[in-house]
Amino acid sequence: MRSRDVCLWPLLLVLLMIVAELFGDAGRAALEYERSLIAQGQWWRLLTGSLVHLGWYHLMLNAIGIGVLVLLCPQALPPRIWLRRLALLALGMSLCLYAFVPNLQTYVGMSGVIHGLFVLGLVPQLLRRAPDGHPYDRRDRIIAGLCLAYLLGKLGWELVTGTPVSDEAAIGGHVVTESHLYGSLSAFVYGLVFGSFSGREARSASPQPLPQESIK
């Protein structure tokens, strides 16, 4: 796979996050997940809340997370699948926050969606489902297994103790650890529905070879 195909859409996502941050407090106010305004019908906030951040340092941490995602889970996916993943993970996470965390009034940040993207990238490696149809080697599977173990351990730690791994003082706000859990759970549901873990989603995105005419 070409590095351009792997990096293009994650890079565009980071650029979109940067553009949103350039609008500062006004951008956050217009796009953040805000429970009371969602209840009044501003449904777009279920999606756009993931694009805005508490500040540049918060954005930088999530941009680094996307960079690590590209390094560990290089997937040359077409734009429609990238957009579908981003939209459904953000929507699933936000709906779970709305349903199961009623005391949460506002939320911003891409970290919940990034957790989900790691699930969609690492599980196929562990199951040896490469996008191009070739099996991952043993080293890839070991790395994927260790990364998934870390991810599950991190989620378990945050679920039991409520203590985030991130530095809340540095990012300037409270870390909503539930977003990491619901982003990951949304990814598991997505992967089962769209066949990300079985390789069906990747195969559906690959161009099908044209049937050859018989030679007479």
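Structure: see above.
Keep in mind it's a predicted model, so treat the numbers as computed, not measured. Starting from 1, residues in each chain are numbered consecutively following that chain's sequence as written. Totals for whole chains, interfaces and linings use all residues, but because this is a predicted model, local features are given only for residues with pLDDT of at least 70 and pairs of side-chain atoms are given and counted only at 80 or more. Hydrogens are left out, water is left out, and the side-chain values use all remaining heavy atoms of the structure.

Caption draft 1: The arrangement of the packing of helix H7 (residues 111-126) against helix H8 (residues 138-161) in detail. Relative to each other, H7 and H8 sit at 145 degrees, their axes nearing to 8 Å. Judged by the twist between their axes, the crossing of H7 over H8 is left-handed. Within the contact between the two elements, H7 uses His115, Phe118, Val119, Leu122, Val123, Gln125 and Leu126 and H8 uses Asp140, Arg141, Ala144, Gly145, Cys147, Leu148, Leu151, Lys154 and Leu155. Axis definition: a line fitted to C-alpha atoms, over the contacting stretch in the case of helices. Angles run 0 to 180 degrees between N-to-C directions. A helix here means a DSSP run of H or I that spans at least four residues, while a strand means a run of E at least two residues long, and both kinds are numbered starting from the N terminus. By convention, the crossing between two helices is left-handed when the near helix turns anticlockwise from the far helix through less than a right angle, and right-handed when the turn is clockwise. Any pair of residues with heavy atoms lying within 4.5 Å of one another is described as a contacting pair.

Caption draft 2: Geometry of the pattern of salt bridges. When a carboxyl oxygen of Asp or Glu lies within 4 Å of a side-chain nitrogen of Lys or Arg, that pair is called a salt bridge. Enumeration over the complete set of coordinates arrives at five salt bridges. A salt bridge links Glu201 to Arg84, with the shortest nitrogen-to-oxygen separation between them at 2.8 Å. Here Glu201, found in helix H11 (residues 200-205), pairs with Arg84, found in helix H6 (residues 79-100); they are 117 residues apart in sequence, far enough to count as distant. Where Lys154 meets Glu158, a salt bridge forms, and the shortest distance between an N and an O atom there is 3.0 Å. Taken together, the residues span about one helical turn, with Lys154 and Glu158 both in helix H8 at a distance of four residues. Note on exposure labels: buried denotes an accessible area under 20% of the residue type's maximum, exposed denotes more than 50%, and partly exposed covers the range between, all computed with a 1.4 Å probe on protein chains only. Lys154 sits in the buried class, given a relative accessible area of 12%. Through salt bridges with shared partners, a single ionic network connects Glu21, Asp25 and Arg28.

Caption draft 3: Just helix H5 (residues 56-72), in detail. When the terminal C-alpha atoms of H5 are compared, their 24 Å separation across 17 residues agrees well with the 24 Å that a helix rising 1.5 Å per residue should span. Inspection of H5 places His58, Leu59, Asn62, Gly65, Ile66, Leu69 and Val70 among the buried residues, and these make up the whole buried set. Along the axis of H5, the buried residues cluster in a sector spanning 140 degrees; they form a single face. In this analysis, the expected span of each helix is defined as 1.5 Å times one less than the number of residues it contains. Picture the helix axis, draw a direction to every C-beta atom, and the arc is the one those directions span.

Caption draft 4: Spotlight on the nonpolar core. Working definition of a nonpolar core: buried Ala, Val, Leu, Ile, Met, Phe, Trp, Tyr and Cys residues. They are joined through side-chain atoms within 4.5 Å. By size, the foremost hydrophobic cluster in this structure holds 29 residues, and its most contacted members are Val113, Leu117 and Phe118. Taken together, the elements giving at least two residues each to this core come down to helix H1 (3-22), H5, H6, H7, H8 and helix H10 (177-194). Residues contacting Leu117, with those up to four places away along its chain left out, are Leu69, Trp82, Arg85, Leu86 and Leu89. Ranked by size, the runner-up nonpolar core spans ten residues in total, among them Tyr33, Ile38, Leu46 and Val176.

Caption draft 5: The arrangement of the packing of aromatic side chains in detail. Stacked, tilted and edge-to-face are the three classes applied to pairs of Phe, Tyr and Trp rings, where Trp contributes its six-membered ring and a pair requires centres within 6.5 Å; stacked means planes under 30 degrees apart, edge-to-face means over 60, and tilted covers the rest. Applying the stated rule across the entire model yields three aromatic pairs. Taking 4.5 Å as the distance between ring centres and 35 degrees as the angle between the ring planes, the aromatic pair formed by Tyr190 and Phe194 counts as tilted. Of the two residues, Tyr190 and Phe194 both sit in helix H10, four residues apart, roughly one turn of that helix. Its guanidinium or amino end placed over the ring of Tyr98, Arg35 lies 4.1 Å from that ring's centre, counting from NZ or CZ. Over a ring means this: the NZ of a Lys or the CZ of an Arg is within 6 Å of the ring centre and within 35 degrees of the ring normal.

Caption draft 6: Region of interest: the side chain of Glu201. A relative accessible area of 2% means that Glu201 is categorised as buried. A distance of 2.7 Å separates polar atoms of two side chains, one belonging to Glu201 and the other to Ser196. Ignoring sequence-local partners within four residues, the contact set of Glu201 consists of Ile81, Arg84, Arg85, Tyr190, Phe194, Gly195 and Ser196. For this analysis, a polar contact is any N or O atom pair within 3.5 Å, provided that within protein one partner can donate a hydrogen and the other can accept it, and provided that sequence-adjacent residues contribute only side-chain to side-chain pairs.

Caption draft 7: Quick peek at the environment of Ala87. Note that Ala87 resides in helix H6. A residue is classified by how much of its surface remains accessible, and Ala87, at 31% relative accessible area, is partly exposed. Separated by 40 residues in sequence, Ala87 and Leu47 have C-alpha atoms that sit 6.5 Å apart.

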